[in-house]
Amino acid sequence: MTTINGYANRIAWVDLAEKRVEYLEVDDEEAAKFIGGRGLGGRFLLKHAVGKDPLSPENLLILMTGPLTGSDAPLSNRLATITRSPLTGAFADSHCGGYAGPALKLSGFDGIVLTGASDDPVLLVAKNGELSIESAEALWGKTTFEAYRSIKRKYGARAVFHGIGPAGENLVKFANIMHFSRFAAGGRASGRCGVGAVMGSKKVKGVVMLPDLKKRPEPADPEKFKNAVSEAMKRIEESDVMSPGKGGLSVYGTAVLVNVINELGAFPAKNAKQTIFEEAYYISGENLRGTILRRQLTCFKCPVACKRESVVKDGKFKHESEGPEYESIWALGAMTGLGHIEAISYLNYLANSYGLDTIELGNTLAVACEASERGLIQDSIKWGDADVLVELIRKIAYREGDLGDVLAEGGASAAEKFGAPEISMSVKRLSIPAYDPRGLKGMGLTYATSNRGACHLRAYAVSSEVLGIPYKSDPLAYEGKVDLVIALERLFAVIDSLTICKFSGFALTKEDYAALYSSMTGIEASPDDLDKIGERIWTQERYFNQLHGFARKDDNLPNRFFEEASSKGEVYDRGTFERMLDEYYEKHGYSPDGTVPEETLRSLGIID
């Protein structure tokens, strides 16, 4: 039994083939080395899922919380989902805000590990430290919204649902897992890497959590924890970005970045053939607030309330739903050439309903648009044609027809099928988010070296290059970006393992995280100690990928970024990029070919 505070000390190991649940205790040594969430979940994956086909019964799907989840720590609301990705074949971790993480912890669990596959659709129900396996025959085939309505009728208003839609059931390679509760109207997701397809392959519709608020984690040092929470809240209130009701993130939501990034010439448009979108204002957070915004929503223990709920009251785009977020607005808007906020919000609603990752979806649609423009496919898919995009999204979710089936494999695979792999803006087969590295040089290194593929959330260099956090750096400069990326990799690995929202990093310092972690768990940890843990978690993931054939050859960028100038005349210099990789590997203690030497693995305690 763990002696570390902050844990429920209960992990459900579910054999779906046998319909059997075993309960594991949290290992003190592993928890001290990997914390929880992404780190501890990654440990299970490394030990049990190496070499397993992502959609095979033998792959694991892991839902994991951390020691701060469900506590009074600000923004302590995330749930980590870890698996091997069916989209990339690489390590996958996908994080959901809202209430799912706290609900799992307050249902008596630190995590749930799914192995095997059921013969028939099932639903997992977590309550008071017990996990039951129930039939989901009546839910299979339903959209996420329909499924949640049925679940709420059966289990009551306190039920929190984390589950898949038709896309996950049909094994769409970028299906997500959507989250619903009475406080979250279906806009929070474990979005990236195809985690919903893995859940679908196991015939699991989702997890229902029935939380008990009396099961909140108890700090090892309540007074110190109270002080650490107070100091963290003070920093949030004083933040230009985060301040409730004042900061840009609070007032305009994540889409506050649309105009900012567009003006920098780093807003990829029409499959990144352009980096300035002429209709950016019409899809910005400012315009969203003045047109379709119904109200602001928030997540557990978050005073910022960056979430939006939007409504279109009439017309062909009539709907109401959470969002759209910055990334979704960009992917379904600028990337496809669509500049209509009501249409984009509707596409976002469809993606949430079917259970599709909006970033990969937008990129995949952009691949289809460019393929059509080049005459590579017979289908007419014009830039910005919302009606055609609506139909394509449905075809993808249900794998309908040849085109729907091809696009359901993701942008990289579709581009290859169309005979033009270069039109996929992806790294390790995961498509890029809403920052063009030609205008934000740190993001180029971030994308290339990310353990899960092109991702802004492994090391959000934008925080420095645009927001000046923790310090201001020139977005067009290469110098200093290796150190910046490595520092952020380590920090974000820790944040994802605690598990709290990364937006906390816009206000909190490493000292704040150390104080929260130490006072909750009773393990005294300095900022340097957390850096070491972050490096361990990061390298564990890289080692997992290495065991599946990943190396330097995969730490690359789409040729478009090297060879085609941005709207402001910028390219990413290939020679400088290669020198940055050399420096990056050296500072991590990796080999020049990008692999992790045994000596580094042993020194970090990843292998014995």
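Structure shown above.
Residues numbered from 1 in each chain as written. Predicted model: local features only at pLDDT ≥ 70, side-chain atom pairs only at ≥ 80, totals over all residues. Heavy atoms only, no water.

**Structural notes on the sheet that holds strand 14 (residues 307–312)**
- As summarised here, the arrangement of the 3 strands in space is 13-14-15, forming an open sheet in which the pairing is antiparallel. The sheet is open, and its two edges are formed by strand 13 (293–297) and strand 15 (319–322), each paired on a single side. Within the sheet, the average angular offset between the axes of one strand and its neighbour, ignoring direction, is 15°.
- Across 4 bridges, strand 13 lies against strand 14 in antiparallel orientation. (Pairing = 2+ DSSP bridges. Helix = DSSP H or I, 4+ residues; strand = E, 2+ residues; numbered from the N terminus. Axes fitted to C-alpha atoms, helices over the stretch in contact; angles between N-to-C directions.)

**A closer look at the sheet that holds strand 5 (residues 91–96)**
- The 6 strands lie next to each other as 2-1-6-3-4-5, forming an open sheet whose pairing is mixed. Each edge of the open sheet carries a strand with a single partner, namely strand 2 (20–24) and strand 5. In this sheet, adjacent strand axes meet at a mean angle of 15° when their direction is disregarded.
- Alignment of strand 4 (residues 79–84) against strand 5, held across 6 bridges, turns out to be antiparallel. Of the residues in strand 5, the one forming a bridge with Leu-79 is Cys-96.

**Regarding the packing of aromatic side chains**
- This model, assessed by the stated rule, comprises 22 aromatic pairs.
- Measuring from centroid to centroid gives 5.3 Å for Tyr-478 and Tyr-572, while their planes differ by 85°, and the two rings are edge-to-face. Within this pair, whereas Tyr-478 is found in the loop between helix 18 (462–465) and helix 19 (481–498), its partner Tyr-572 is found in the loop between helix 22 (559–563) and helix 23 (574–588), the two being separated by 94 residues in sequence.
- For Tyr-572, a relative accessible area of 0% puts it in the buried group.
- Here the aromatic cluster, defined as three or more aromatic residues joined through ring pairs, consists of Phe-145, Tyr-148, Phe-161, Phe-180, Phe-317, Tyr-346 and Tyr-349.
- When the ring centre of Tyr-23 is taken as origin, the NZ or CZ atom of Arg-10, which lies over that ring, is 3.8 Å away.
- Above the face of the Phe-562 ring, Arg-574 is positioned so that its terminal group lies 4.1 Å from the ring centre. (Phe/Tyr/Trp six-rings, centres within 6.5 Å; stacked < 30°, edge-to-face > 60°. Buried < 20%, exposed > 50% of the residue type's maximum accessible area, 1.4 Å probe, protein only. Lys NZ or Arg CZ within 6 Å of the ring centre and 35° of its normal.)

**Examining the pairing of strand 10 (residues 177–181)**
- Here strand 10 lies mainly inside the structure; 5 of its 5 residues are buried.
- By the alternation rule, side chains of strand 10 split into Ile-177, His-179 and Ser-181 and Met-178 and Phe-180, which are all buried.
- When strand 9 (residues 160–163) meets strand 10, the two strands line up antiparallel, connected through 3 bridges. Residue Phe-161 lies in a different strand from strand 10, and its bridge partner there is Phe-180.
- Sheet topology note: the strand 10/strand 11 (residues 184–190) ladder contains 4 bridges and is antiparallel. The residue bridging His-179 from the neighbouring strand is Arg-188, located in strand 11.
- Two successive antiparallel strands, strand 10 and strand 11, enclose a turn made up of 2 residues.

**Some points on helix 9 (residues 257–264)**
- Burial in helix 9 covers these residues: Leu-257, Val-258, Asn-259, Ile-261 and Asn-262.
- Lining the buried residues of helix 9 we find helix 10 (285–291), helix 11 (326–332) and helix 18.
- Immediately beyond the C-terminal end of helix 9, within one or two residues, lies Gly-265, with a positive phi of roughly 75°. (Contact = heavy atoms within 4.5 Å.)

**Section: the environment of Phe-183**
- Tracing the chain through its elements places Phe-183 in the loop between strand 10 and strand 11.
- When the C-alpha positions of Phe-183 and Ser-76 are compared, they lie 16 Å apart, and in sequence the two are 107 residues distant.
- Setting aside anything within four residues of it in sequence, one finds Phe-183 in contact with Tyr-99, Arg-188 and Thr-298.

**Digging into helix 14 (residues 386–397)**
- With 12 residues, helix 14 should reach 16 Å at 1.5 Å per residue; the first-to-last C-alpha distance of 17 Å fits that figure.
- Positioned one or two residues after helix 14, Arg-399 has a phi angle of 50°, which is positive. (Expected span 1.5 Å × (residues − 1).)

**A few points about the pattern of salt bridges**
- Taken as a whole, this structure holds 52 salt bridges when the rule is applied.
- With its nearest N and O atoms 3.2 Å apart, the salt bridge here joins Glu-320 to Arg-294. Placement of Glu-320 in strand 15 and of Arg-294 in strand 13 is noted, with a sequence separation of 26 residues between them.
- Across the pair Lys-481 and Glu-465 runs a salt bridge, and its minimum N-O distance is 2.6 Å. (Salt bridge = Lys/Arg side-chain N within 4 Å of Asp/Glu carboxyl O.)

**Some remarks on the nonpolar core**
- Leu-356 and Tyr-435 are the most contacted members of the largest nonpolar core, which totals 159 residues.
- Ranked by residues supplied to this core, first place goes to helix 19 with 11 residues.
- Excluding its chain neighbours within four sequence positions, the residues that come into contact with Tyr-435 are Leu-257, Ile-261, Ala-266, Pro-268, Tyr-326, Glu-327, Leu-440, Met-443, Tyr-447, His-456, Tyr-460 and Val-462.
- One finds Val-14, Leu-79, Ile-164 and Val-198 within the second-largest nonpolar core, a separate group that totals 25 residues. (Core = buried A, V, L, I, M, F, W, Y, C linked by side-chain atoms within 4.5 Å.)

**Some remarks on the packing of helix 7 (residues 222–238) against helix 20 (residues 510–521)**
- Two numbers describe how helix 7 lies on helix 20: the axes approach to 8 Å, and their chain directions differ by 155°. It follows from the interaxial angle that helix 7 and helix 20 lie roughly antiparallel. The two elements helix 7 and helix 20 meet at a crossing, and its hand is left-handed. Contacts from Lys-224, Phe-225, Ala-228, Val-229, Glu-231 and Arg-235 of helix 7 reach helix 20 at Asp-512, Ala-515, Leu-516, Ser-519 and Met-520.
- Classifying every residue of the contact of helix 7 with helix 20 gives 6 nonpolar, 1 polar and 4 charged. (Parallel < 35°, antiparallel > 145°, perpendicular 65-115°, else oblique. Left-handed = near helix turned anticlockwise from the far one by under 90°. Nonpolar A, V, L, I, M, F, W, Y, C, P; charged D, E, K, R; others polar.)

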